[in-house]
Amino acid sequence: MRLQQNEVLFLYTLRLADDALILGHRLGEWCSKAPILEEDLALTNIALDMIGRAEAILRYAAEVEGKGHTEDDLAYKRPERKFYNHLLVEQENGDFAHTIARQLFISTFEYHLYTALLKSSDENIAGIAAKAIKEIKYHKKHASDWCIRLGDGTEESKERMQTALNDLWMYTGELFEMDDINEWLHEGGIAADLRKLEGPWKTDIVDVLAQAKLTVPSSGYMQTGSRKGIHTEKLGYILAEMQYLQRAYPTAKW
Amino acid sequence: MENETKLKHFESLIDADSNIEPRDWMPEDYRKHLVRQISQHAHSEVIGMQPEGNWISRAPSLRAKKILLAKIQDEGGHGLYLYSAAETLGISRDELIEQLHSGKAKYSSIFNYPALTWADIGAIGWLVDGAAIVNQVSLQRTSYGPYARAMVRICKEESFHQRQGYEIMAHMMQGTPEQQEMAQDAMNRWWWPALMMFGPHDTNSPHSGNAIKWKIKRASNDILRQKFIDKTVQQAELIGLTVPDKDLKWNEETKHYEHGEINWEEFQSVINGNGPCNKQRMENHIKAHHEGEWVRKAATAYALKQNQSVKQ
């Protein structure tokens, strides 16, 4: 089945939006649970950036789709198999080290992705990237600083940080997967060539882990599936919670 | 003799409506009263994040989720200013948190009630923050400088909170019958606890005497409560909500609403630890604090290493 141009673009914008939406959800779960009040604010502030970005991209996605949906329809009424966020962002918060490892991996990826998208020939995407990149720089710095602090802190923090990096490493391969949608949109100058981002991403990660006196996890089997809407079992619970009111009261406006 | 001179100077500053600053001499009871009040205020902001945080993941629109996240961050930020204000009185944040965990320090009892439906997020913003503002506006003129300045900043944000809460309620009252029922139910459950936030009647208020004399407190519990009732009843009527008080009536002579008897037994019972969520709120705070201990230790250890390497 050959997809139309706007269907391809729609699926691509969902991928960008869903990463922000689902990660925003996870980070919001830290409210009143962080190690110190300042960090409670930092994590929920990143969550707020993510939800804001998701909203902007979904609004554009709804426009591209052209079926009269709103950004909320796309967030709250899509089923599991039509979510396209990377498996990495739906992983549970775990301890603080796991949240930092997840954030380090994704924010470093987003830094390179959105830098490339600044030059997207789609002006909506370029515009969203221009706003997002400022936030992402802070997210990346926040995660890198904490990774270094925990890696070079105490024996316990070092061990926890290393475990977290090792646990989540298998979700990083997927970030750089190119499928037909990426290829087509890359040819059209709209999307980034993800293959070219892997090198700079790895360089940044190796650099942070060296400063943190931690070991880069050895490459092994990489999980995959999100490009096709195949997720880990965790996504269903996120959506059950997130979409509950909209699904329980389908005629209500909030 | 020396202390008497200092006390006279202190009292003259109070009489002249000047602020007392951290470097100024102050009576020990003044300091104690402030530490108790500011820390209770700070802890209330922080514990107050829990009932609202409970709804971040279920907020029914992206806009609502953003507003709620921003609001809760404001509350946390207020907690930070207030902890800093308390620290100017010679007590550390660690000590303040320890007092919270041991039960020596209190937080506002209102946060021991559960946020059960989305309408509760509206009711908390509108009624709970609405009641808090009335109190905080009067505290902008409190005699201790750092506390007064914190209040000025906090009041600006609180009025946004109250408006967003009222907007949720107004929106739901224009919605489906189920939404209207949800809104009224939240009103029924939050109205009386919101009135209790102002504390006991003036005739029965244990901390008011010196606090009024030293201008820590600028208006009495009953006066503030009345202000809140007068402005809120009209707001409720405007959107079709019923105030759950059969004795509520307008007094043409005093130009104030008269209200029914507050259930002081419930008030005391919740203060004494028997509210629906006292145990849960405290356990959550203690658990997060303990689970985060290794992170704080790591940050301290790292900072120490950095300092040492700078010195070498």
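Just so you know, these numbers come straight off a predicted model, no measurement behind them. (Residues numbered from 1 in each chain as written. Chains lettered and ligands numbered in written order. Predicted model: local features only at pLDDT ≥ 70, side-chain atom pairs only at ≥ 80, totals over all residues. Heavy atoms only, no water.)

(A) Main features of the packing of helix α5 (residues 93–102) of chain B against helix α12 (residues 278–291) of chain B. Residues and elements named next belong to chain B. Axis separation between α5 and α12 bottoms out at 10 Å; the angle between their running directions is 135°. By the angle between their axes, α5 is oblique relative to α12. Handedness of the crossing formed by α5 with α12: left-handed. Residues Ile97, Leu100 and His101 of α5 lie in contact with α12, whose contacting residues are Met282, His285, Ile286 and His289. Classifying every residue of the contact of α5 with α12 gives 4 nonpolar, 3 polar and no charged. (Axes fitted to C-alpha atoms, helices over the stretch in contact; angles between N-to-C directions. Helix = DSSP H or I, 4+ residues; strand = E, 2+ residues; numbered from the N terminus. Parallel < 35°, antiparallel > 145°, perpendicular 65-115°, else oblique. Left-handed = near helix turned anticlockwise from the far one by under 90°. Contact = heavy atoms within 4.5 Å. Nonpolar A, V, L, I, M, F, W, Y, C, P; charged D, E, K, R; others polar.)

(B) Up close: the layout of surface pockets. When its volume is computed, the second largest pocket comes out at roughly 470 Å³. What lines the second largest pocket is a set of 24 residues, and nearest its centre among them are Asp72, Gln246, Lys253 and Trp254 of chain A together with Ser61 of chain B. If you list the elements that add at least two residues to the lining of the second largest pocket, you get α3 (71–76) of chain A together with α4 (62–87), α6 (118–139) and α7 (145–173) of chain B. (1 Å grid on protein atoms, 1.4 Å probe; cavity = no way out; pocket = protein on both sides within 12 Å on 5 of 7 lines; lining within 4 Å. Points joined across faces, edges and corners; volume = space filled by probe spheres on them.)

(C) Summary view of the interface of chain A and chain B. Contacts between chain A and chain B engage 48 residues on the former and 44 residues on the latter. Both faces combined, the contact of chain A with chain B buries some 3,900 Å², and carbon together with sulfur accounts for 69% of it. For the interface between chain A and chain B, the tally reads 3 salt bridges. Here Lys305 of chain B and Asp152 of chain A are joined by a salt bridge, their closest N and O atoms 3.1 Å apart. Our count for the chain A to chain B interface comes out at 12 residue pairs in polar contact (both at pLDDT 80 or more). Sorting the residues of the side of chain A that touches chain B by element identifies α1 (5–28), α2 (37–65), α3, α5 (96–117), α6 (123–151), α7 (155–168), α10 (234–242) and α11 (244–248) of chain A as the ones contributing at least two each. For the side of chain A that touches chain B, the element with the most residues is α2 of chain A, which contributes 12 residues. Among the residues forming the side of chain A that touches chain B, the class breakdown is 24 nonpolar, 11 polar and 13 charged. (Buried area = accessible area lost by both parts, 1.4 Å probe. Salt bridge = Lys/Arg side-chain N within 4 Å of Asp/Glu carboxyl O. Polar contact = N/O pair within 3.5 Å; in protein donor to acceptor, adjacent residues only side chain to side chain.)

(D) Broad picture of empty space enclosed by the protein. Residues and elements named next belong to chain A. In total, this model carries 2 cavities of 30 Å³ or more according to the counting rule given. Approximately 120 Å³ is the volume found for the largest cavity. Around the largest cavity, the lining comprises 13 residues; the ones closest to its centre are Arg15, Leu16, His86, Phe109 and Leu113. Lining the second largest cavity are Leu16, Ile57, Tyr60, Tyr114, Leu117, Ile125 and Ile128. Mapped by element, the contributors of at least two residues to the lining of the second largest cavity are α2, α5 and α6. Residue composition of the lining of the second largest cavity, by class: 7 nonpolar, no polar and no charged.

(E) Geometry of the environment of Met197 of chain B. All names here are of chain B. With respect to the helices and strands, Met197 occurs in the loop between α8 (177–196) and α9 (208–213). Separated by 44 residues in sequence, Met197 and Arg153 place their C-alpha atoms 21 Å apart. Contact partners of Met197, with chain neighbours within four places excluded, come to Ser108, Ile110, Val128, Ala131 and Ala132.

(F) Fine view of the side chain of His142 of chain A. Position of His142 of chain A among the secondary structure elements: in helix α6. A polar contact is formed between the side chain of His142 of chain A and the side chain of Glu39 of chain A, at a distance of 2.6 Å.

Shape is all these values report; function is a separate question.
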